[in-house]
Amino acid sequence: MSVAQKDYKKVTVKTLSDMKAHGEKISMLTAYDYTMATIVDGAGIDVILVGDSASNVMAGYQTTLPITLDQMIYHASSVVRGVNRALIVVDLPFGSYQSDPKEALRSAIRIMKESGAHSIKVEGGKEIKESIKRILNAGIPVMGHLGLTPQSIYKFGTFSVRAKEEEEAEKLKADALLLQKAGCFAIVLEKVPAKLAKEVAESLDIPVIGIGAGNGVDGQVLVLHDMIGMTKEFHPRFLRRYLNLYEDMTTAISQYVDDVKSVDFPSDKEQY
Ligand code: KIV
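In this text, all values refer to a predicted model and were calculated from it rather than measured experimentally. (Residues numbered from 1 in each chain as written. Predicted model: local features only at pLDDT ≥ 70, side-chain atom pairs only at ≥ 80, totals over all residues. Heavy atoms only, no water.)

Asker: Any chance you could break down the packing of aromatic side chains for me, citing the residues and the numbers?
Answerer: When we look at a pair of aromatic rings, we describe it by the centre distance and by the angle of the planes. Enumeration according to the criterion identifies two aromatic pairs in this entry. With centroids separated by 6.4 Å and ring planes inclined at 75°, the aromatic side chains of Phe234 and Phe238 adopt a geometry described as edge-to-face. In this structure Phe234 comes out as partly exposed when scored by relative accessible area, which is 37%. Lying over the aromatic face of Phe156, Arg162 brings its terminal NZ or CZ to 3.9 Å of the ring centre. (Phe/Tyr/Trp six-rings, centres within 6.5 Å; stacked < 30°, edge-to-face > 60°. Buried < 20%, exposed > 50% of the residue type's maximum accessible area, 1.4 Å probe, protein only. Lys NZ or Arg CZ within 6 Å of the ring centre and 35° of its normal.)

Asker: Give a description of the site of the ligand that names residues and reports values.
Answerer: Close contacts around the ligand come from Thr30, Leu49, Gly51, Asp52, Ser53, Asp91, Lys121, His145, Val188, Glu190, Ile211 and Val223, and that covers them all. One of the side-chain nitrogen or oxygen atoms of Asp91 is found 3.1 Å away from an oxygen atom of the ligand. Lys121 is positioned with one of its side-chain polar atoms (N or O) 2.9 Å from an oxygen atom of the ligand. Protein burial of the ligand: of its 260 Å² of free accessible surface, 95% is covered by the chains. (Near = heavy atom within 4 Å. Polar contact = N/O pair within 3.5 Å; in protein donor to acceptor, adjacent residues only side chain to side chain. Areas by Shrake-Rupley, 256 points an atom, 1.4 Å probe, with all protein chains shown as cover.)

Asker: Could you give an account of the side chain of Asp41, naming the residues involved and the relevant values?
Answerer: Take Asp41: it is sitting in helix α3 (residues 34-42). An unpaired buried charge is present at Asp41: no salt bridge exists, and Arg85, the closest side chain of opposite charge, is 5.6 Å distant. At 2.8 Å, the side chain of Asp41 and the backbone nitrogen of Ala86 are in polar contact. (Helix = DSSP H or I, 4+ residues; strand = E, 2+ residues; numbered from the N terminus. Lys, Arg positive; Asp, Glu negative; His and termini not counted. Salt bridge = Lys/Arg side-chain N within 4 Å of Asp/Glu carboxyl O.)

Asker: I'd like a rundown of the domain arrangement of the protein, residues and numbers included.
Answerer: Taken domain by domain, the protein comprises domain 1 (13-241) and domain 2 (244-272). Of note, the centres of domain 1 and domain 2, computed from C-alpha atoms alone, are 38 Å apart. Between domain 1 and domain 2, the residue contacts involve four residues of the former and four residues of the latter. Carbon and sulfur atoms make up 69% of the area that domain 1 and domain 2 hide from each other, which totals about 400 Å². Our count for the domain 1 to domain 2 interface comes out at zero salt bridges. Applying the counting rule to domain 1 against domain 2 returns three residue pairs in polar contact (both at pLDDT 80 or more). Along the lines of polarity and charge, the residues of the side of domain 1 that touches domain 2 split into two nonpolar, one polar and one charged. (Domains from an automatic or database assignment. Contact = heavy atoms within 4.5 Å. Buried area = accessible area lost by both parts, 1.4 Å probe. Nonpolar A, V, L, I, M, F, W, Y, C, P; charged D, E, K, R; others polar.)

Asker: I'd like a description of the sheet that holds strand β2 (residues 47-50), backed by residues and values.
Answerer: Strand order in the closed barrel formed by eight strands is β1-β2-β3-β4-β5-β6-β7-β8, with parallel pairing between adjacent strands. Strand-to-strand twist of the sheet, defined as the mean angle between neighbouring strand axes without regard to direction, takes the value 25°. As paired elements, strand β5 (residues 142-147) and strand β6 (residues 186-190) share five bridges and run parallel to each other. Residue pairing for β6: His145 is matched across the bridge by Val188. (Pairing = 2+ DSSP bridges. Axes fitted to C-alpha atoms, helices over the stretch in contact; angles between N-to-C directions.)

Asker: Explain the pattern of salt bridges to me, using residue names and the numbers behind them.
Answerer: Tallied over the full model, the rule gives 12 salt bridges. Between Glu168 and Arg162 there is a salt bridge whose closest N-O contact spans 3.0 Å. Salt bridges here are not isolated pairs; linked through shared partners, they connect Asp70, Arg110 and Glu114.

Asker: Any details on the packing of helix α9 (residues 166-182) against helix α10 (residues 194-203)? Residues and values, ideally.
Answerer: The interhelical angle for the contact between α9 and α10, taken along N-to-C directions, is 25°, at an axis separation of 10 Å. Here α9 lies roughly parallel to α10, going by the angle between them. Regarding α9 and α10, the two cross each other, and that crossing is right-handed. Along its contact with α9, which presents Ala169, Leu172, Lys173 and Ala176, the element α10 presents Leu196, Glu199 and Val200. (Parallel < 35°, antiparallel > 145°, perpendicular 65-115°, else oblique. Left-handed = near helix turned anticlockwise from the far one by under 90°.)

Asker: If you had to explain the UniProt feature "active site" (unreviewed entry) in the protein to someone new, which residues and values would you point to?
Answerer: Under the feature "active site" (unreviewed entry), the UniProt entry names Glu190. Along the chain, Glu190 falls in strand β6. For Glu190, a relative accessible area of 13% gives the class buried. The contacts of Glu190, once residues within four sequence positions are left out, are His145, Leu146, Gly147, Leu148, Pro150 and Ile211. (UniProt positions renumbered as here; feature names shortened; annotations may be inferred.)

Asker: Can you explain helix α2 (residues 13-22)? Please cite residues and give values.
Answerer: Considered for burial, the residues of α2 that qualify are Thr15, Leu16, Asp18, Met19 and Lys20. The backbone nitrogen of Lys14 has a side-chain oxygen 3.1 Å away, supplied by the residue at the start of α2, namely Thr12. Phi turns positive, to about 75°, at Gly23, one or two residues after α2.

Asker: Outline the pairing of strand β3 (residues 87-91), supporting the account with residue identities and numerical values.
Answerer: Most of β3 sits out of view: five of its five residues are buried. Where burial is concerned, the two faces of β3 agree: the one with Leu87, Val89 and Asp91 and the one with Ile88 and Val90 are both buried. A crossover connection joins β3 to the parallel strand β4 (residues 119-121) through helix α6 (residues 101-115); in handedness this β-α-β unit is right-handed. (Right-handed = clockwise from strand over helix to strand, strands pointing away.)

So, in structure tokens, the structure goes:
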């Protein structure tokens with residue numbers, strides 16, 4: 001039995017630290033609503049991320065930029081009501097923390113107070129150091145996010161792998177250390193070379209959770225709707241699909257349409 005399952009009824013930031021110390025990998029998935037959160041938590045996930053990928057997955061936007069703080073709080077509070085065990089991390093959305101540390105703290109406090117989640121996540125390193133410190137000083141645990149940071153997609157211009165060149169890799173390593181020193185409890189590394197991600201994970205005491213960052217890190221995160229095959233057009237190399245729900249649901253719904261039209265449904269047994 002895993003360290004987390006044996007020793008902890010509820011996963012906390014300390015659990016994650018213990019897991020890294022014991023060499024136990026951390027499992028993390030996104031969820032944005034109550035029903036999915038109950039399933040993901042019941043299946044034994046360690047961390048649930050209420051990601052701003054809700055902007056894409058739930059609202060159909062092309063990027064994560066449009067989602068608002070109020071919308072994130074709505075998603076987070078729905079998730080909180082469905083979770084017993086996992087640690088819940090909520091993304092601070094674009095525009096809610098970059099302008100100044102006081103606004104960052106206000107946004108983080110709203111997430112914690114109004115949703116009941118356990119921690120927040122922010123994208124970036126040195127540039128947002130003061131905001132991170134301010135949030136941590138208020139006793140709110142912070143997860144960092146480096147590498148491909150989707151809130152900066154218009155700066156990058158592409159979703160391709162980050163930090164392949166020496167200069168960007170060095171900045172990423174320095175930022176990772178800075179986040180650890182500032183007091184972040186973990187870092188997500190998105191879409192960076194596996195060798196670099198492993199080096200970062202090995203150099204830090206806090207857990208490094210990867211997405212498209214290879215298996216040398218301390219845990220993995222995926223967007224739930226991608227890993228259960230509900231999204232159709234997204235095929236990055238790092239994604240493993242465990243189900244093909246888009247097709248399965250289409251088949252089931254087509255069958256329902258046929259059954260309604262042919263008056264096969266409801267049958268005698270399905271009425272009062
Ligand atoms: O918003 C999100 O889902 C994320 C993950 C991709 C790590 O930040």
